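Notes for the structure review
The lines below spell out each chain.
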Amino acid sequence: MKFTLEEINELTRAEFEEVFKNVVECFPEAAHSVANLTPFSTFEHLLEAFLNYVDQLDSLKKMQIVKLHPHLVPQIKNERLTEESASEQATVGLNSITSEEKKAILKGLIEEYWRKFGFPFVICVRECKNTDDIIHSVRERLSKTPEMEFETALHHVKKITSLRIADIVKE
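Rules of the game
- Residues numbered from 1 in each chain as written.
- Predicted model: local features only at pLDDT ≥ 70, side-chain atom pairs only at ≥ 80, totals over all residues.
- Heavy atoms only, no water.
- Helix = DSSP H or I, 4+ residues; strand = E, 2+ residues; numbered from the N terminus.
- Phe/Tyr/Trp six-rings, centres within 6.5 Å; stacked < 30°, edge-to-face > 60°.
- Buried < 20%, exposed > 50% of the residue type's maximum accessible area, 1.4 Å probe, protein only.
- Axes fitted to C-alpha atoms, helices over the stretch in contact; angles between N-to-C directions.
- Parallel < 35°, antiparallel > 145°, perpendicular 65-115°, else oblique.
- Left-handed = near helix turned anticlockwise from the far one by under 90°.
- Contact = heavy atoms within 4.5 Å.
- Nonpolar A, V, L, I, M, F, W, Y, C, P; charged D, E, K, R; others polar.

**Some details on unusual backbone geometry**
Here Thr38 and Pro39 are connected by a cis peptide whose omega angle stands at 5°. Along the chain, Pro39 turns up in the loop between helix H3 (29–34) and helix H4 (43–56).

**So, the packing of aromatic side chains**
Scanning the entire structure with this criterion turns up 10 aromatic pairs. Residues Tyr113 and Phe117 carry aromatic rings whose centres are separated by 4.6 Å and whose planes lie at 55° to one another, so their mutual orientation is tilted. Of this pair, Tyr113 and Phe117 both sit in helix H7 (residues 100–117), separated by 4 residues, roughly a single helical turn. For the pair Tyr113 and Phe117, one class covers both residues: buried.

**Things to note about the packing of H7 against helix H8 (residues 131–141)**
The contact between H7 and H8 brings their axes to 10 Å, and the two run at 30°. Considering their axes alone, H7 and H8 lie roughly parallel with respect to each other. The two elements H7 and H8 cross, and the hand of that crossing is left-handed. Residue-level contacts link Lys102, Ile105, Leu106, Leu109, Ile110, Tyr113 and Phe117 of H7 to Thr131, Asp132, Ile134, Ile135, Val138, Arg139 and Arg141 of H8. Taken together, the residues that form the contact of H7 with H8 break down as 9 nonpolar, 1 polar and 4 charged.

Dropping the structure here:
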């Protein structure tokens, strides 16, 4: 269900938290904090409130948020996907890769990424055309330093958050 900004501003605190609880993957604390800032004058104001919330967190909380994102190959950690992640991953066919070779390449790259960085590969899959784009991105990002990659992962967290908010709000 999509809400107008007016409807969002009329939500109770509990309703606001429920509606926005997973815009930052598995981190309802963001919605809890941003609920304090209502009413919002524009969609951009609402969006900015969530992105600023992520920006102001200390590095440990930011790492926690990155680590809450699922692996693109959930079988690696035997994870269950949230409804939002499952839908997003389906847009590029991650749930239906038919090529065993491509599955093996992606799984191997994701495992290598985890070993190098210690957190899951986070990418805004809605910006990818297909799984080849993801494979290319993993390969490219494996060359980064851990500090650079952490910043890249956070950048993608914020892109995902922005798109999830846009899914909820009628502009």
